[in-house]
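Chain residues, written in single-letter form:
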Amino acid sequence: MAKFDIIAATGCPTGIAHTFMAKEALEKAAAERGLTIKVETHGQVGVENELTKSEIAGAKAVVVAADKDVQAERFAGKRMVSVGVSKALSVEAAGKLIDRALAAKGDDSVAAAADVEDEVEEKESIGHIIYKHLMNGVSHMLVFVVAGGVLTAVSFLWGITSFDSTASDYNSFAAMLKIIGGIAMNLMVPVLSAYIAESIGKRPALVPGFVAGMIAIQGLPVNAETGMIDAGGAGVGFGFLGGIVGGFLAGYVILLLEKVFSKLPKNLDGLKAIFLYPLFSTAIVGLVMLGISGPMAAINTAMMDFLKGLSASGAIVLGLAIGCMCAVDMGGPVNKAAYVTGTAMLTEALAAGVGTDTYNFGTNFMAAVSAACIVPPLITTFAVVVGKKYFSQEDHDAGIVNLILGCTHITEGAIPFMTKNIWPVMPIMMLGSSIASILTIMFNVHDPAPHGGFLVLPVVENGPLWVLAILIGAVIGGILFVAFKKYDFEKNQKAAPVAKPVEASKAAAVEAPKADAADFVKVENVFVAEDFASRDEALSFVSNQAVKAGIASDADAVMNAFLAREAEGTTGMMEGFAIPHAKSDAITEAAVIVVKDDDGVTGWDTMDGAPVNVAIALLIPGAQAGTTHLKILSKVAEALMDEDFRATVKGSTDAAEIAKTINARLV
């Protein structure tokens, strides 16, 4: 059985893009650190690359990057960091998570007995816990919405009243599609509620969760004649918002009952699971949900009226709000809030029927949301085609793939472009999406399908105008994106130093020597018992020593290279170590210089906040990339993950022993 240094679990609400982007980033970050990793994904098709008990037991640390329940109790007692999936979408961010996980506290001996809730609360903020539970419900709900919405929309191909047997355009097959789609859509709120509850209270919470969701769509039945509660009467549902409230209520009622029944004999566990939990939780949740049905219905109505009020303020106000929400985090919580609101309004629209004001508003709102979600990836496609010279080959390939993602309503493909330059790329994406949303509303486009992108064009009313609105938003955003990349490209070109022929030949000559790894770190380049007042003083010392040793020709240039690297992200690690590194044309020979300060260098930003006692400085010639020297240097960083290595280097006062210890890890 394979053993992994790091294990991870990723999952996003939709399970389409974020989940696998985080997986790739974690794998690349682990490879950069010389670590083995296995990443379990919780996507829309289910759990893939599932972690085994032995793999969990053998791992050094765990990274959970998920906005849904990934059964984190399996990792209890392990060194672990748990964050939202959006925190692991770049290699740099994923690397920091791995480093944090390795530096975290854990106790493998108590892994089987550790309490799940205690572990999660220790690692996560309350806000993220709530968001994760909510997104667990949303991820399960979305497939019902998509299936039901698209089937209902397809039924309209035979005519907008083709489901009605009294209408002239009636078609029995269309009527059956409408029935199936309607059933799927009606399950939206119960499923949302049930899986929010399940994320909190696990399997026992499903029963009260489903019941809460059903009450949310039906409301409190009242007899029209008597005005009293009557099982045969009719109620006013409180929909999507009620499903959220019901889901959290059901989940936490189960946790409460677990504490109440915890003193019962162990041999009654079966009775609790099959009788006590479902009976008491359903009764409690049901009574509370019926009791709050009046106020919840009023809140739900007020929320819908507010959105309709935005529409009354004009297409620009509503479209701007939708566009900005959909593009600001591209598949994150704000985007999901806009999308789920759109699907909730679409559900009401389809229930109200074609031709009603509710239908017209809900389908127009959904069309605007879909347009805003489609635009960002198309902006990147336009940009990499028109401004190809300003993008890397990797970005160009990703932008071409985004054409497919965008056309099928998958926004997340634009995220890597935004994370590289949040400003001004995020505002550009928001502007493009807003333009598409505003024009969609103005063009009176109606989309009865909640997902699918251009695949559902046959059922979209004023479909050609919808495509036009999206293309206008994408082109305007793309032009602005290219303009920014052109400016950034030209600025970097001007800043780049022009290499002299002599320097070039000298740099090329540096490629030739192949240092013996066993003698790479020279004893004379190890300095113990130093005393530095600050990080910059330590780096200045290293820079000057590099010149004295003939490793570099310009101490100021080396110092500037060190500081430039620190500005990108601290090189301070944990347990008193730092790995500052400088890459400069002023460095003539790849080398390592070690400095020790037993009292610790303060002001160096480290992962655990501790002062730096040992700085292993890496000096790299500007012309060297991917050479033997650099491969040797990368092993220095890997060695810091070894506790014995850290203890020896940190505890020794003998320069020869320190050099020997480091060289031993470079072979």
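Caption draft 1: Just the confidence of the model for the chain, in detail. Summing up the model confidence of the chain, the mean pLDDT is 85 and the portion of residues at 70 or higher is 89%. Every residue in residues 108-123 scores below 50 in pLDDT, and together they form 21 contacts with partners more than four places removed in sequence or on other chains. Under a pLDDT of 50 for its full length, residues 496-515 has, in the predicted model, 13 contacts with residues more than four places off or in other chains.

Caption draft 2: Representation of the environment of Val528. Mapped onto the fold, Val528 is located in the loop between strand E6 (526-527) and helix H20 (535-548). By relative accessible area, which is 26% here, Val528 ends up partly exposed.

Caption draft 3: View of the side chain of Asp597. Following the sequence through the fold, Asp597 ends up in strand E9 (residues 591-601). Although Asp597 lies buried, it forms no salt bridge, and the closest oppositely charged side chain, Lys596, sits 9.7 Å away as judged by the N-O distance. A distance of 3.0 Å separates a polar side-chain atom of Asp597 from the backbone nitrogen of Asp599. Leaving out residues up to four positions away in the same chain, Asp597 has contacts with Glu530, Asp531, Phe532, Val612 and Asn613.

Caption draft 4: Quick peek at the packing of aromatic side chains. The final tally for this structure, using the stated rule, is 13 aromatic pairs. Centroid distance Phe156 to Tyr359: 6.4 Å. Interplanar angle 75 degrees. Geometry classified as edge-to-face. Note that Phe156 is positioned in the loop between helix H5 (126-155) and helix H6 (172-186) and Tyr359 in helix H14 (residues 357-386), a separation of 203 residues in sequence. An identical accessibility class is assigned to Phe156 and Tyr359; each is buried. Members of the aromatic cluster, joined through ring pairs, are Phe261, Tyr277 and Phe280. Lying across the ring of Phe163, Lys178 places its NZ or CZ 4.7 Å from the centre. Above the plane of the ring of Phe391 lies Lys485, whose end atom (NZ or CZ) is 5.1 Å from the centre.

Caption draft 5: Up close: the environment of Val558. Among the secondary structure elements, Val558 is positioned in helix H21 (residues 555-568). Linking Val558 and Leu619, residues 61 residues apart in sequence, is a C-alpha distance of 8.3 Å. With sequence-adjacent residues up to four places away left out, Val558 is seen in contact with Ser543, Ala552, Ala582, Ile587 and Leu619.

Caption draft 6: Region of the structure containing helix H1 (residues 18-32). An ideal rise of 1.5 Å per residue puts 21 Å on 15 residues; H1 measures up with 21 Å between its terminal C-alpha atoms. Inspection of H1 places His18, Thr19, Met21, Ala22, Ala25, Leu26, Ala29 and Ala30 among the buried residues, and these make up the whole buried set. For H1, the angular spread of buried residues about the axis comes to 165 degrees, placing them on one side. Where H1 terminates, the next one or two residues include Gly34, which has phi positive at roughly 70 degrees.

Caption draft 7: Geometry of the packing of helix H7 (residues 188-201) against helix H8 (residues 206-218). Following both chains from N to C, one finds H7 and H8 inclined at 145 degrees, their axes separated by 7 Å at the closest point. Both H7 and H8 take part in a crossing whose hand is right-handed. Each of Val189, Pro190, Val191, Ser193, Ala194, Tyr195, Ala197 and Glu198 in H7 lies in contact with H8, whose residues at this interface are Leu206, Gly209, Phe210, Ala212, Gly213, Met214, Ala216 and Ile217. The class makeup of the residues in the contact of H7 with H8 is twelve nonpolar, three polar and one charged.

Caption draft 8: Quick peek at the packing of helix H12 (residues 315-328) against helix H17 (residues 422-442). Contact geometry of H12 with H17 gives a least axis separation of 7 Å together with a crossing angle of 140 degrees. Compared by their axis directions, H12 and H17 come out oblique. In terms of crossing hand, the pair formed by H12 and H17 is right-handed. Within the contact between the two elements, H12 uses Ala315, Ile316, Leu318, Gly319, Leu320, Ile322, Gly323, Cys324, Ala327 and Val328 and H17 uses Met426, Met429, Met430, Ser433, Ser434, Ser437, Ile438, Ile441 and Met442. Taken together, the residues of the contact of H12 with H17 sort by class into 14 nonpolar, five polar and no charged.

Caption draft 9: Representation of a negative patch on the surface within the structure. A contiguous patch of negative charge, built from Asp531, Glu537, Asp598 and Asp599, is present on the exposed surface. One can find Asp598 in strand E9.

Caption draft 10: Representation of the layout of surface pockets within the structure. If you add up the space inside the second largest pocket, you get close to 860 Å³. Residue lining of the second largest pocket: 22 residues in total, with Leu89, Glu394, Asp395, Pro416 and Lys420 positioned closest to the centre. Broken down by secondary-structure element, the contributors of at least two residues to the lining of the second largest pocket are H1, helix H15 (393-407) and helix H16 (415-420). For the lining of the second largest pocket, the leading source of residues is H15, giving six residues. When the residues that make up the lining of the second largest pocket are grouped by side-chain class, the tally is twelve nonpolar, four polar and six charged.

What counts and what doesn't
Residues numbered from 1 in each chain as written. Predicted model: local features only at pLDDT ≥ 70, side-chain atom pairs only at ≥ 80, totals over all residues. Heavy atoms only, no water. pLDDT = per-residue confidence, 0-100. Contact = heavy atoms within 4.5 Å. Helix = DSSP H or I, 4+ residues; strand = E, 2+ residues; numbered from the N terminus. Buried < 20%, exposed > 50% of the residue type's maximum accessible area, 1.4 Å probe, protein only. Lys, Arg positive; Asp, Glu negative; His and termini not counted. Salt bridge = Lys/Arg side-chain N within 4 Å of Asp/Glu carboxyl O. Polar contact = N/O pair within 3.5 Å; in protein donor to acceptor, adjacent residues only side chain to side chain. Phe/Tyr/Trp six-rings, centres within 6.5 Å; stacked < 30°, edge-to-face > 60°. Lys NZ or Arg CZ within 6 Å of the ring centre and 35° of its normal. Expected span 1.5 Å × (residues − 1). Arc of directions from axis to C-beta. Axes fitted to C-alpha atoms, helices over the stretch in contact; angles between N-to-C directions. Left-handed = near helix turned anticlockwise from the far one by under 90°. Nonpolar A, V, L, I, M, F, W, Y, C, P; charged D, E, K, R; others polar. Parallel < 35°, antiparallel > 145°, perpendicular 65-115°, else oblique. Patch = residues over 30% accessible without salt bridge, like charges linked within 9 Å, V, L, I, M, F, W, Y side chains within 5 Å. Areas by Shrake-Rupley, 256 points an atom, 1.4 Å probe, with all protein chains shown as cover. Charge placed at Lys NZ, Arg CZ, Asp CG, Glu CD. 1 Å grid on protein atoms, 1.4 Å probe; cavity = no way out; pocket = protein on both sides within 12 Å on 5 of 7 lines; lining within 4 Å. Points joined across faces, edges and corners; volume = space filled by probe spheres on them.

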